[in-house]
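Structural characterization, general
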Amino acid sequence: MKIRVLTTIFLVFISCKNVSDKETEQVQIVVDSTGLKIEKAEKYIGISKLNSFLENPLNLREFKKKKKREVTTSVSNGKEYYFNPKNKDSIFYSYFFPDLKKESIKMDEIVVFKYGENKHTYDDEIETLIEFRIFNPDSDLGKANLYGLTKTELESEFGTDYLTFDNGIAYSNKNKILTIELNDSKVKSFRYIKLNTENVDQDLIQQIIE
């Protein structure tokens, strides 16, 4: 009986140690010639809040319903790094949401990929979210209302596995990226983009933030 108990305790110990080893990584800091720095610390392995957020950051249809009376639209050529499905007769559309009562004179913007017979309608059900740029607090954004959060709060929510640049940080997973401009360690603006590549490196980050 004692042998069985000791064996069970030993197996539990080994199991816990393996889990602990998988949940963290040693801190690694790499600085390249552009001054961008990669920081990895205590990276959570598995399904993280960051990956979940980047996969589905915004309920686009619900957000647009709330903003229907305060929106202007335009056709956009799109950026070369945008995710661009090979659909015929497709376009990029930009939705702008002006509000003189907000904190920034810059207008919040959402970019979508549209195709098909309803591509010029506001209530297009098959459009794909490509980008949003947010300069103001807005509770209608739901979980994407990151404006004003501190850097510490971001790290608590999304971790510390990010790229840094002069005035902000950038998170990424696969072909999705979130760049965040900070002012006094608080979110001043942020930008989500669905990319045409999963190779997110320093050069691409620099191209996006310029």
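Here's what I pulled together on the structure shown here. (Residues numbered from 1 in each chain as written. Predicted model: local features only at pLDDT ≥ 70, side-chain atom pairs only at ≥ 80, totals over all residues. Heavy atoms only, no water.)

**Some remarks on the overall build of the protein**
Counting secondary structure elements, the protein contains five helices and 10 strands. Out of the 210 residues in the protein, the part that is buried amounts to 35%. A separation threshold of at least 6 residues defines the contact pool for the protein, and within that pool the share at least 24 residues apart is 53%. Accessible surface for the protein amounts to roughly 13200 Å². Of this, 49% is attributable to carbon and sulfur atoms. (Helix = DSSP H or I, 4+ residues; strand = E, 2+ residues; numbered from the N terminus. Buried < 20%, exposed > 50% of the residue type's maximum accessible area, 1.4 Å probe, protein only. Contact = heavy atoms within 4.5 Å. Areas by Shrake-Rupley, 256 points an atom, 1.4 Å probe, with all protein chains shown as cover.)

**Regarding the environment of Ile-105**
Mapped onto the fold, Ile-105 is located in the loop between strand 4 (91-97) and strand 5 (108-114). Remark: the alpha-carbon pair of Ile-105 and Phe-135, spanning 30 residues in sequence, is separated by 8.5 Å.

**Quick look at helix 5 (residues 202-209)**
Taken together, the buried positions of helix 5 are occupied by Gln-202, Leu-204, Ile-205 and Ile-208. Relative to the axis of helix 5, the buried residues are bounded by an arc of 160° and lie together on one face. (Arc of directions from axis to C-beta.)

**Points about the environment of Ile-126**
Considering the arrangement of structural elements, one finds Ile-126 in the loop between strand 5 and strand 6 (128-134). Residue Ile-126 is classed as partly exposed on the basis of its relative accessible area, which comes to 45%. It is 8.9 Å that separates the C-alpha atoms of Ile-126 and Phe-113, two residues lying 13 residues apart in sequence.

**What about the pattern of salt bridges?**
In a structure, side chains of opposite charge can pair up when their charged atoms sit close to one another. Under the definition given, this model contains 14 salt bridges. Across the salt bridge formed by Arg-61 and Glu-125, the nearest N and O atoms sit 3.9 Å from each other. Within this pair, whereas Arg-61 is found in helix 3 (residues 60-66), its partner Glu-125 is found in the loop between strand 5 and strand 6, the two being separated by 64 residues in sequence. Among the salt bridges present, the one from Glu-127 reaches Lys-114, with a minimum N-O distance of 2.7 Å. Remark: Lys-114 occurs in strand 5 and Glu-127 occurs in the loop between strand 5 and strand 6; sequence separation between them is 13 residues. Linked by salt bridges that have partners in common, Lys-64, Lys-114, Asp-124 and Glu-127 make up one network. (Salt bridge = Lys/Arg side-chain N within 4 Å of Asp/Glu carboxyl O.)

**Let's talk about unusual backbone geometry**
Within the chain, Lys-174 stands out as a residue other than glycine whose phi angle is a positive 55°. By secondary structure assignment, the location of Lys-174 is in the loop between strand 8 (168-173) and strand 9 (176-183). Judged by relative accessible area, which is 54%, Lys-174 ranks as exposed. We note that Asp-184 has phi near 55°; this positive angle belongs to a residue other than glycine. For Asp-184, a relative accessible area of 70% translates into the label exposed.

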